Amino acid sequence: KAGVTQTPRYLIKTRGQQVTLSCSPISGHRSVSWYQQTPGQGLQFLFEYFSETQRNKGNFPGRFSGRQFSNSRSEMNVSTLELGDSALYLCASSFRDNEKLFFGSGTQLSVL
Amino acid sequence: GDSVTQMEGPVTLSEEAFLTINCTYTATGYPSLFWYVQYPGEGLQLLLKATKADDKGSNKGFEATYRKETTSFHLEKGSVQVSDSAVYFCALSGEGFKTIFGAGTRLFVKA
């Protein structure tokens, strides 16, 4: 079974631009979560989707958005990039609620 | 809201030393508790879990017991190896369809 796949692996953008990150969960997993990982803050929860519905959202500004498609693939978008958005963005999928998460390798975003 | 607090690192130990990484949590209801590990250059992966009070999760010589009375889930290993050098994250999954992570504890093990 293929794992969680995130693309692209690396991204370099400049301030003010927007970016879209993609995540393909493990086959059969309908829950997809997104996290921002930074050295000082650990893993911060962005949002969670299940069957195309956002069920929860973390404390991030409205510049951060996401969606999930009918095949459970998910995208997150960050508009008007700021320097502080530089981070590793992790996607995780799970089969059931409150079960373990399977993580992708992440997308390393650098904002210059 | 729910939260997880774990001891700050880095933690530096010699090989074969005893390891404890403290983790406490705040949550409503009865969350599931997890330890995840991130080895250098690798993705985050589950190390162990416990789903109810007094459960003990174990894997690769690591153990953690779900203590509801002290709201704790401390990670222990009797004899660490160089290959255990990694970042360890305590996490909980309760109400609200999200898993909350602690800040992570970096472990260095010296030969």
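Residues numbered from 1 in each chain as written. Chains lettered and ligands numbered in written order. Predicted model: local features only at pLDDT ≥ 70, side-chain atom pairs only at ≥ 80, totals over all residues. Heavy atoms only, no water.

Q: Help me out: how do you make sense of the overall build of chain A in this one?
A: Assigned secondary structure in chain A consists of 0 helices and 11 strands. When its helices and strands are written in sequence order, chain A yields β-β-β-β-β-β-β-β-β-β-β. What you see for chain A is a C-alpha radius of gyration of 13 Å, in line with the 13 Å of a compact globule of 112 residues. When the 112 residues of chain A are sorted by exposure, 48% land in the buried category. A separation threshold of at least 6 residues defines the contact pool for chain A, and within that pool the share at least 24 residues apart is 53%. (Helix = DSSP H or I, 4+ residues; strand = E, 2+ residues; numbered from the N terminus. Rg over C-alpha atoms; globule rule 2.2 N^0.38 Å. Buried < 20%, exposed > 50% of the residue type's maximum accessible area, 1.4 Å probe, protein only. Contact = heavy atoms within 4.5 Å.)

Q: In this structure, what is going on with the interface of chain A and chain B? I would like to understand it.
A: Frequently, the measure chosen for interface size is the accessible area removed from exposure when the parts meet. Taken residue by residue, the interface counts 14 residues in chain A and 16 residues in chain B. In total, about 1,500 Å² of surface goes out of reach between chain A and chain B, with carbon and sulfur atoms giving 54% of it. Three residues stand out in chain A for area buried against chain B, namely A:Leu43, A:Asn98 and A:Phe103, and they jointly supply 33% of the buried area on that side. On the surface where chain A and chain B come into contact, there are 1 salt bridge. Close ionic contact of B:Lys49 with A:Glu99 constitutes a salt bridge, the shortest N to O distance being 2.9 Å. Across the contact surface, chain A and chain B share 6 residue pairs in polar contact (both at pLDDT 80 or more). Every element with two or more residues in the side of chain A that touches chain B is listed here: strand 4 (31–38), strand 5 (42–50) and strand 6 (53–57) of chain A. With 4 residues, strand 5 of chain A is the single largest residue contributor to the side of chain A that touches chain B. Broken down by class, the residue content of the side of chain A that touches chain B amounts to 5 nonpolar, 4 polar and 5 charged. (Buried area = accessible area lost by both parts, 1.4 Å probe. Salt bridge = Lys/Arg side-chain N within 4 Å of Asp/Glu carboxyl O. Polar contact = N/O pair within 3.5 Å; in protein donor to acceptor, adjacent residues only side chain to side chain. Nonpolar A, V, L, I, M, F, W, Y, C, P; charged D, E, K, R; others polar.)

Q: Just to check I follow, could you spell out the environment of A:Gln54 for this structure?
A: All names here are of chain A. Take Gln54: it is sitting in strand 6. Taking relative accessible area as the criterion, Gln54 reaches 37% and is therefore assigned partly exposed. Considered as a pair, Gln54 and Ser93 are 39 residues apart in the sequence and their alpha carbons are 14 Å apart. Side chain to side chain, Gln54 and Tyr49 meet in a polar contact 2.9 Å long.

Q: Mind showing me how you'd approach unusual backbone geometry here?
A: Apart from glycine, the bulk of residues carry a negative phi angle, and the bulk of peptide bonds sit in the trans form. The omega torsion of the bond from A:Thr7 to A:Pro8 falls at -10°, within 30 degrees of zero and hence cis. With respect to the helices and strands, A:Pro8 occurs in the loop between strand 1 (5–7) and strand 2 (10–13). With an omega of 0°, the peptide bond between B:Gly9 and B:Pro10 qualifies as cis. A positive phi angle, near 80°, is found at A:Ser72, a position not held by glycine. Residue placement: A:Ser72 occurs in the loop between strand 7 (64–68) and strand 8 (74–78). We classify A:Ser72 as buried; its relative accessible area is 11%. Of note, B:Asp54 is a non-glycine position whose phi angle comes to about 75°, a positive value.

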